[in-house]
Amino acid sequence: MLVDDAREVGDLEIDLDKMYAIVLDGPRTSGLSKLRFWLFDYELHCVACYRFGRWAGRLRTHRPLLGVLALGLYWFWNRRNIRIHHADIFRRADIGPGLLLMHRSGIIVGPAVIGSNCVLHQNVTIGQRIADGDHGLPTIGDDVWIGPGAVICGAITVGDGCTISAGTVLSKDVPPHSLVGGNPGRVIAREYDNSNMINFVIADGVRRR
């Protein structure tokens, strides 16, 4: 993973590699197909907006004026995503490379910590559990698949390789490689292999399908 200002650019490159591998034809994808994808894939636009917001926040630390201008642009871009696509990934969320939105609508992510290679589906909410006075935020590991309509809230830890089934409401820790479902969410199976669902692996700096 790259560091400092280059980090978000490097993370976006890995995000794109993952999207090419899963949505398009991987390394064989033509330049024209990539151009159409950049122009018309709104899931990519939402991810790129988030990465741009992270980069703008870092820029402000040593180039305040440029950083403020960049954050202003991010604000307008993010507001457009909220209004049109109903997706809001807060720039203070710390999300590793390889982020994939399968369907953008209704995705809300607060300033949580999410590892690399995460897959998010529509109507997912990740944030605080305000009702119980728990202002902590989730920490989600690498290679986690989160299904449609899932809610993950509070100061909890979701281990690497977990699969959060559609409609799950999760507010407690779950161990790595668990299949989780229900409301309230509970572990349905352990040592569950979600590699076919993730379909893209980042390990030791190497990207492979």
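Whatever comes next refers back to the structure up there.
Note that the coordinates shown come from a computational prediction; the quantities given were computed from them, not determined experimentally. (Residues numbered from 1 in each chain as written. Predicted model: local features only at pLDDT ≥ 70, side-chain atom pairs only at ≥ 80, totals over all residues. Heavy atoms only, no water.)

(A) Inspection of the pairing of strand β15 (residues 186-189) at higher detail. Of the pairings in the sheet, the one linking strand β14 (residues 179-181) to β15 comprises three bridges and is antiparallel in character. Residue pairing across strands places V180 opposite V187, the latter belonging to β15. Here β14 folds back onto β15, and the loop between the two strands holds four residues, one of which, G182, carries a positive phi near 100°. (Pairing = 2+ DSSP bridges. Helix = DSSP H or I, 4+ residues; strand = E, 2+ residues; numbered from the N terminus.)

(B) Expanded view of the nonpolar core. Judged by nonpolar contacts, the single largest core of 38 residues is most densely connected at V109, L120, I126, I146, I152, V158 and I164. For this core, the elements supplying multiple residues, two or more each, are α1 (5-23), α3 (42-62), β3 (100-101), β6 (119-120) and β9 (145-146). Element by element, the count of residues in this core is highest for α3, at four residues. Here V109 is in contact with D88, I89, F90, A93, I95, I114, L120 and I126, once residues within four sequence places are set aside. (Core = buried A, V, L, I, M, F, W, Y, C linked by side-chain atoms within 4.5 Å. Buried < 20%, exposed > 50% of the residue type's maximum accessible area, 1.4 Å probe, protein only. Contact = heavy atoms within 4.5 Å.)

(C) Representation of the packing of aromatic side chains. Throughout the structure, instances matching the rule amount to four aromatic pairs. When the centroid spacing of 5.5 Å and the interplanar angle of 40° are considered together, the rings of F52 and W55 count as tilted. Taken together, the residues F52 and W55, both in helix α3 and three residues apart, mark about one turn of the helix. Look at W55 and you get partly exposed, because its relative accessible area is 26%. (Phe/Tyr/Trp six-rings, centres within 6.5 Å; stacked < 30°, edge-to-face > 60°.)

(D) Expanded view of the side chain of R91. On the secondary structure map, R91 appears in the loop between β1 (88-89) and β2 (94-95). Excluding its chain neighbours within four sequence positions, the residues that come into contact with R91 are Y50, G53, R54, G57, R60, L71 and Y74.

(E) A look at a nonpolar patch on the surface. On the surface, L32, L35, W38, L39, F40 and Y42 cluster together into a nonpolar patch covering about 610 Å² of accessible area. Position of L35 relative to the elements: it lies in helix α2 (residues 31-40). (Patch = residues over 30% accessible without salt bridge, like charges linked within 9 Å, V, L, I, M, F, W, Y side chains within 5 Å. Areas by Shrake-Rupley, 256 points an atom, 1.4 Å probe, with all protein chains shown as cover. Salt bridge = Lys/Arg side-chain N within 4 Å of Asp/Glu carboxyl O.)

(F) Quick look at the environment of N194. Tracing the sequence through the fold places N194 in the loop between β15 and α5 (195-198). Counting along the chain gives 51 residues from N194 to D143, while the straight-line C-alpha distance between them is 8.3 Å. Ignoring anything within four residues of it in the chain, the contact list for N194 reads D143, V144, W145, G161, C162 and T163. Reaching out from N194, the side chain makes a polar contact with the backbone oxygen of G161 at a distance of 3.3 Å. Separated by 3.4 Å, the side chains of N194 and T163 make a polar contact. (Polar contact = N/O pair within 3.5 Å; in protein donor to acceptor, adjacent residues only side chain to side chain.)

(G) Highlighting the packing of α3 against helix α4 (residues 64-85). Following both chains from N to C, one finds α3 and α4 inclined at 155°, their axes separated by 8 Å at the closest point. Considered as vectors, α3 and α4 are oriented roughly antiparallel to each other. Of the two possible hands of crossing, α3 and α4 adopt the one that is left-handed. (Axes fitted to C-alpha atoms, helices over the stretch in contact; angles between N-to-C directions. Parallel < 35°, antiparallel > 145°, perpendicular 65-115°, else oblique. Left-handed = near helix turned anticlockwise from the far one by under 90°.)

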